[in-house]
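The lines below spell out each chain.
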Amino acid sequence: MTGTAENLVLILFAVTMLWVAASSRLELYARMLGWQGVLLFVVALGNIAPEEKFTLAFVAVETLLLKGLVIPMYLIRVIRRNEIRRETEPYLPNLYSLAVAVGLTAVGFVLAFLVRLGHHPVHPCLFGAAVAVILNALFILLTRKKFITHIIAFVFLENGIFLLSLAVAGEMPFVVNLGVMLDVFMWVLLAGVFVRTMKDAIPGQHIDKLRGLRG
Amino acid sequence: MISVLLLTPLVLAALMPGLRRRVMWQCRLVFAYAVGLAAAAVWFAVTGPEPGPASLLAVDDLSIWFLLIMAVVLVATTLYSCDFFRRPEEQETAERAWKYHVFLLLFVASMLGVLLSAHLGLLWVFVETSTLSSAMLVCYHPGRNSYEAAWKYIFICSIGISFAFIGIIFLSLSAAGLEHSSLSWDWLDSHAAQLNPFWLKTAMPLLLIGLGTKMGLAPMHNWLPDAHSEAPAPISATLSAALLNASCLGILRVHMILLRAGLGEYSRTILIVMGFLSLLVPAIFILRARNYKRMLAYSSVENMGIIAIGIGFGGAALFGALLHLAGHSLVKASFFLTSGNLYSIYHSKRIRDVHGIWRCDAMSAWLWLGGAVGICAFPPFVTFISEFNIMARMLQERAIVALLLFGLLLTVILGAMFKHVLGMVFGRPGFECGTDIDISDNASLLGPAAYLPQLVLLLAAVGLGLCLPDPVYHLMTKAVTFIGEQGL
């Protein structure tokens, strides 16, 4: 893949977060996760040598299958079962959220530019897109109330970290990569189970209802 | 040997569904494993470090100390469980006891993985696995509060651990351009001086935030009082006395890399600041505590702060920190297990509902008082010696302001702790909250295993305080030397 095409994919990856920031539809959030999984696979293709077939197959399973298909489908199922369609009453209206998300994306790319000035061994666009997604995921976590949105935001965070880790993919032994993948997958499954369990115990499924434990 | 240690709990976990109707057999099996683990830890202490499979796992001079502490705590908590599952309030959940033991065994395996990891990436995987497995234990008793605690635990810790992973990526970047670079402790240890200081300095706070969240250091401690107060007593004890230590080992290993890279001062400053914050938070919250298990949890935050300060000051204070790890684990495990007795007697976690333990159950009262005296570092407990070492190092470094602040915050915490503990021990016991059941009758339901583990743990803490045996002293000096600190 040429540098320009890769940069375009990376920018598209960062832009998915703007869409999320501007919307309140939970299924759209989950679908964006799926698209991010596909885009991650495309970026990974450009960073892995063609002769490393085993690594390529592993990354395909991790990105296309898990991040692109299984996790979004599972989350959509949880959303439908819990009968929650929208992120109502966010701490910040969607228009302001979009403005902040644009700012955070800019911060990510400015940081990448600064790092590049220091002649560090980092792909600037990859670094910028990863930091932008991580910052935006944290922003979604802080400004949304539904449990399910928090789970989705956590997976966005993990996607940003995955992109960042592509810069150093060669450092991790296979066992570690496998462990990281399984941990993230188990985390999503477990969190989904918690959301279903807490459906009756905590009305509205809002994070600000979690104030029972004090003193 | 290392593979056997890690695989045994997984095999036992697979056996548990077959024992679903035999709760006592489940308890005995897990207890037998804990005894075996303790024997293996002693074996490692005698024979020394051992490499593991594929250079990803290993026992070294540092992990032996942590392994010993964890094994002792597990023996005590699993023995206590033998009585815990006999109690009337646990009969409702007896059918789910096998799930408790499955997740406990997975939790133990993941904590062992953290201790035995020879690779930073693998350590991260095991830390995250320990969160997932223990979250199910936190909400073992279903209810709104336990779900809330488990949710906060899993979320706050996972986000913290994600930051640690970003730190690991930055640490990898610091090694970019070096031949055969790896994140194994051995490689990082031998090449630390060649790592890029910019990425190393960027990685350190992220790794500290991540592992510090799991260790319960302020300001990322919020999950800890909730999770520890809602978990069943043996799990609270294991979380506080073993899991926090495992995360501390991760922090120590990262600190070691910075020491070797000549960035020790940077790392020390962050640890000392976080340590003092971790003393300040409990000083405020223990005074206002309404729930005795939350009081103990805040005390864990305090003690992790003391340990972070000890690591930060280095030298004799590092020795003190390692000793404090053991002291805190022994005393806090005992304290949490005794809190399980109090819950079985009073059926309440509120401090205001618990009076006159002395009249209801003298043995629990002694153990409760012993726990308070030990955790507040009174002589002859080993915690006194460890805190004395840390303060002596501060004096040696002429950090008078730090010494005064340390003393002041510990005194406030001591005062607050004893205000609650003495109020609970003395006074007249009444009836169970909202019922006409005489509380004194509930105490007769507790068996010997509800007291013996705490008694042994407290005696061990006193024994270490009165006379540190030579083998233990050598084990600790080896660990301090391994970290690379001077000035013992």
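This structure is a prediction, so every number in the text was calculated from the model and none was measured.

The rules behind each value
- Along each chain, numbering runs from 1 in the same order as the chain's sequence is written.
- Lettering of chains starts at A and numbering of ligands starts at 1, both following the order in which they are written.
- Side-chain atom pairs in this predicted model are given and counted only at pLDDT of 80 or more, local residue features only at pLDDT of at least 70, and totals for whole chains, interfaces and linings cover all residues.
- Side-chain numbers here rest on the full set of heavy atoms in the structure, without hydrogens or water.
- A run of H or I in DSSP becomes a helix once it reaches four residues, and a run of E becomes a strand once it reaches two; helices and strands are each numbered from the N terminus.
- Accessible area is worked out with a 1.4 Å probe on protein chains only. A residue is then buried under 20% of its type maximum, exposed over 50%, and partly exposed in between.
- Residue contacts are defined here by distance: any two heavy atoms, one from each residue, within 4.5 Å place the two residues in contact.
- To be clear on the numbers: accessible area is Shrake-Rupley with a 1.4 Å probe, and residue cover counts the displayed protein chains and nothing else.
- Under the counting rule used here, the positive set is Lys and Arg, the negative set is Asp and Glu, and His together with the chain ends is not counted.
- All charge positions are set by atom: Lys at NZ, Arg at CZ, Asp at CG, Glu at CD.
- Each nonpolar core is a collection of buried residues, namely Ala, Val, Leu, Ile, Met, Phe, Trp, Tyr and Cys, held together in the definition by side-chain atoms within 4.5 Å.
- Once two parts are brought into contact, the accessible area they lose, counted with a 1.4 Å probe and summed over both, makes up the buried area.
- Under this definition, polar contacts are N or O atom pairs within 3.5 Å; protein pairs additionally need one hydrogen-donor-capable and one acceptor-capable atom, and for neighbouring residues in sequence, both atoms have to be side-chain atoms.
- Gly is placed with the polar residues, together with every amino acid not listed as nonpolar (Ala, Val, Leu, Ile, Met, Phe, Trp, Tyr, Cys and Pro) or charged (Asp, Glu, Lys and Arg).
- A helix is expected to span 1.5 Å for every residue after the first.
- The salt bridge criterion pairs a side-chain nitrogen of Lys or Arg with a carboxyl oxygen of Asp or Glu, the two atoms within 4 Å.
- Axis lines are fitted to C-alpha atoms, over the contacting stretch for helices. Their N-to-C directions set the angle, which ranges from 0 to 180 degrees.
- To sort the angles, those under 35 degrees are grouped as roughly parallel, those over 145 as roughly antiparallel, those from 65 to 115 as roughly perpendicular, and the leftovers as oblique.
- Two helices crossing with the near one rotated counterclockwise from the far one by less than a right angle form a left-handed crossing, whereas a clockwise rotation gives a right-handed crossing.
- Stacked, edge-to-face and tilted are the three classes for Phe, Tyr and Trp ring pairs, Trp counted by its six-membered ring, which pair at centre distances within 6.5 Å; planes under 30 degrees apart are stacked, over 60 edge-to-face, the rest tilted.
- Working rule: Lys NZ or Arg CZ, within 6 Å of ring centre, within 35 degrees of ring normal, means a charge sits over the ring.
- Residue-level confidence of the predictor is what pLDDT reports, using numbers from 0 through 100.
- Each patch is built from salt-bridge-free residues with over 30% relative accessible area, joining like charges within 9 Å and nonpolar side chains (Val, Leu, Ile, Met, Phe, Trp, Tyr) within 5 Å.

A. Looking closely at the overall build of chain B. In terms of regular secondary structure, chain B is built from 20 helices and 2 strands. Taking the principal axes of its C-alpha atoms as reference, chain B extends roughly 75 × 55 × 45 Å. Evaluated residue by residue, chain B yields a buried proportion of 66% over its 488 residues. In chain B, of all internal contacts separated by at least 6 residues, the share reaching a separation of at least 24 is 79%. For chain B, the exposed surface amounts to about 16400 Å²; the carbon and sulfur share of it is 67%. Taking the average location of the 29 positive side-chain charges in chain B and that of its 27 negative ones, the two points are 5 Å from each other.

B. Local environment of the nonpolar core. Ranked by size, the top nonpolar core spans 281 residues in total, and within it Leu 75 and Leu 163 of chain A together with Trp 151 and Trp 368 of chain B carry the most contacts. Those residues in contact with Leu 163 of chain A that lie beyond four places of it in its chain are Leu 10, Phe 13, Leu 40, Val 43, Leu 126, Ala 129 and Ala 130 of chain A.

C. How the structure looks around the interface of chain B and chain A. Contacts between the two partners involve 47 residues from chain B and, on the opposite side, 45 residues from chain A. Around 4000 Å² of area is buried between chain B and chain A when both sides are counted, 77% of it from carbon and sulfur atoms. Interface area lost by chain B to chain A is led by Arg 144, Tyr 147 and Trp 151 of chain B, which between them contribute 18%. The interface formed by chain B and chain A contains 3 residue pairs in polar contact (both at pLDDT 80 or more). At the level of secondary structure, the elements contributing two or more residues to the side of chain B that touches chain A comprise helix 5 (120-138), helix 6 (144-174), helix 8 (197-215) and helix 9 (223-230) of chain B. For the side of chain B that touches chain A, the class distribution of residues is 27 nonpolar, 11 polar and 9 charged.

D. Quick peek at helix 13 (residues 316-346) of chain B. All names here are of chain B. With 31 residues, helix 13 should reach 45 Å at 1.5 Å per residue; the first-to-last C-alpha distance of 43 Å fits that figure. With 30 of 31 residues buried, helix 13 lies mostly within the body of the structure. The positive-phi residue at the C-terminal boundary of helix 13 is His 347, with phi of around 50 degrees.

E. Examining the pattern of salt bridges more closely. Considering all chains together, one arrives at 13 salt bridges over all chains under this definition. In this structure, Lys 152 of chain B and Glu 148 of chain B form a salt bridge, with 2.9 Å as the shortest nitrogen-oxygen distance. A residue pair is termed a helical-turn pair when its members lie 3 or 4 positions apart in one helix, as Lys 152 of chain B and Glu 148 of chain B do in helix 6 at 4 residues. Comparing Lys 152 of chain B with Glu 148 of chain B shows no difference in burial state: the two are buried. Each of the salt bridges in this network shares a partner with another, and the network as a whole consists of Glu 27, Arg 31, Arg 80 and Arg 85 of chain A.

F. Structural context of the environment of Lys 332 of chain B. Residues and elements named next belong to chain B. In this fold, Lys 332 is placed in helix 13. The residues touching Lys 332, leaving out its near neighbours within four places in the chain, are Ser 240, Leu 296, Ser 299, Ser 300, Asn 303 and Ile 375. Among the polar contacts listed, one links the side chain of Lys 332 to the side chain of Ser 299, at a separation of 2.9 Å. A polar side-chain atom of Lys 332 sits 3.1 Å from a polar atom in the side chain of Ser 300.

G. Focus on unusual backbone geometry. The omega torsion across Ala 218 of chain B and Pro 219 of chain B is 5 degrees, close enough to zero to call that bond cis. Within the element layout of this structure, Pro 219 of chain B appears in the loop between helix 8 and helix 9. The phi dihedral of Glu 83 of chain A is positive, around 55 degrees, even though this residue is not glycine. Topologically, Glu 83 of chain A is positioned in the loop between helix 3 (53-81) and helix 4 (94-117). Its identity as a non-glycine residue notwithstanding, Ala 377 of chain B has a phi of 65 degrees, on the positive side.

H. Quick peek at the packing of helix 2 (residues 26-47) of chain A against helix 6 (residues 147-165) of chain A. Residue and element names in this part refer to chain A. Interaxial distance between helix 2 and helix 6 falls to 10 Å at its minimum, and their mutual angle equals 10 degrees. Classified by the angle their axes make, helix 2 and helix 6 are roughly parallel. Considering how the two elements wind past one another, helix 2 and helix 6 form a crossing that is left-handed. Of the residues in helix 6, those in contact with Leu 26, Tyr 29, Ala 30, Met 32, Leu 33, Gln 36, Leu 40 and Val 43 of helix 2 are Ile 148, Thr 149, Ile 152, Val 155, Phe 156, Asn 159, Phe 162 and Leu 163. The class makeup of the residues in the contact of helix 2 with helix 6 is 13 nonpolar, 3 polar and no charged.

I. Representation of the packing of aromatic side chains. One pass over the structure, following the stated rule, counts 25 aromatic pairs over all chains. Relative to Tyr 100 of chain B, the ring of Phe 85 of chain B lies with its centre 4.9 Å away and its plane at 75 degrees, an arrangement referred to as edge-to-face. Here the residue Phe 85 of chain B occupies a position in the loop between helix 3 (61-84) and helix 4 (97-116), and Tyr 100 of chain B occupies one in helix 4, the gap between them amounting to 15 residues. Both residues of the pair, Phe 85 of chain B and Tyr 100 of chain B, belong to the buried class. Plain terms: the ring middles of Trp 151 of chain B and Phe 155 of chain B are 5.0 Å apart, the flat faces sit at 35 degrees to each other, and that makes the pair tilted. Here Phe 155 of chain B and Trp 151 of chain B lie together in helix 6, a separation of 4 residues that amounts to about one turn. Judged by its relative accessible area of 2%, Trp 151 of chain B is buried. Note on Phe 155 of chain B: relative accessible area 6%, which makes it buried. Taken together, the ring pairs in this structure connect Phe 147, Phe 154 and Trp 187 of chain A together with Trp 151 and Phe 155 of chain B into an aromatic cluster. One residue, Arg 28 of chain B, lies across the ring of Trp 25 of chain B, its end atom 5.5 Å from the ring centre. The residue whose ring lies beneath Lys 201 of chain B is Tyr 266 of chain B, and the NZ or CZ to ring-centre distance is 5.5 Å.

J. Representation of the confidence of the model for chain A within the structure. Across chain A, pLDDT averages 86, with 95% of residues at or above 70. By mean pLDDT, the top-scoring element of chain A is helix 5 (residues 124-143) of chain A (93), and the lowest-scoring one is helix 7 (residues 174-201) of chain A (82).

K. Here's a closer look at a nonpolar patch on the surface. All names here are of chain A. A surface patch of nonpolar side chains, about 550 Å² in accessible area, is lined by Val 107, Val 110, Leu 111, Phe 113, Leu 114 and Leu 117. For Leu 117, the location among the structural elements is in helix 4. Under the relative-accessibility criterion, Leu 117 is labelled exposed at 52%.

L. Seen up close, a positive patch on the surface. Residues Arg 211 and Arg 214 of chain A together with Arg 288, Arg 290 and Arg 352 of chain B make up a contiguous surface patch of positive charge. Of note, Arg 288 of chain B is situated in the loop between helix 11 (264-285) and helix 12 (292-313).

M. Layout of the packing of helix 2 (residues 23-47) of chain B against helix 3 of chain B. Residue and element names in this part refer to chain B. For the pair helix 2 and helix 3, the least separation of the axes is 8 Å and the interaxial angle reads 160 degrees. One element, helix 2, and the other, helix 3, form an angle in the roughly antiparallel class. Of the two elements, helix 2 crosses helix 3, and the hand of that crossing is left-handed. In this structure, helix 2 uses Met 24, Cys 27, Val 30, Phe 31, Ala 34, Val 35, Leu 37, Ala 38, Ala 41, Val 42, Phe 44 and Ala 45 to contact helix 3, whose residues at the interface are Ile 64, Leu 67, Leu 68, Met 70, Ala 71, Leu 74, Val 75, Thr 78, Leu 79, Ser 81 and Cys 82. A per-class count over the contact of helix 2 with helix 3 returns 21 nonpolar, 2 polar and no charged.

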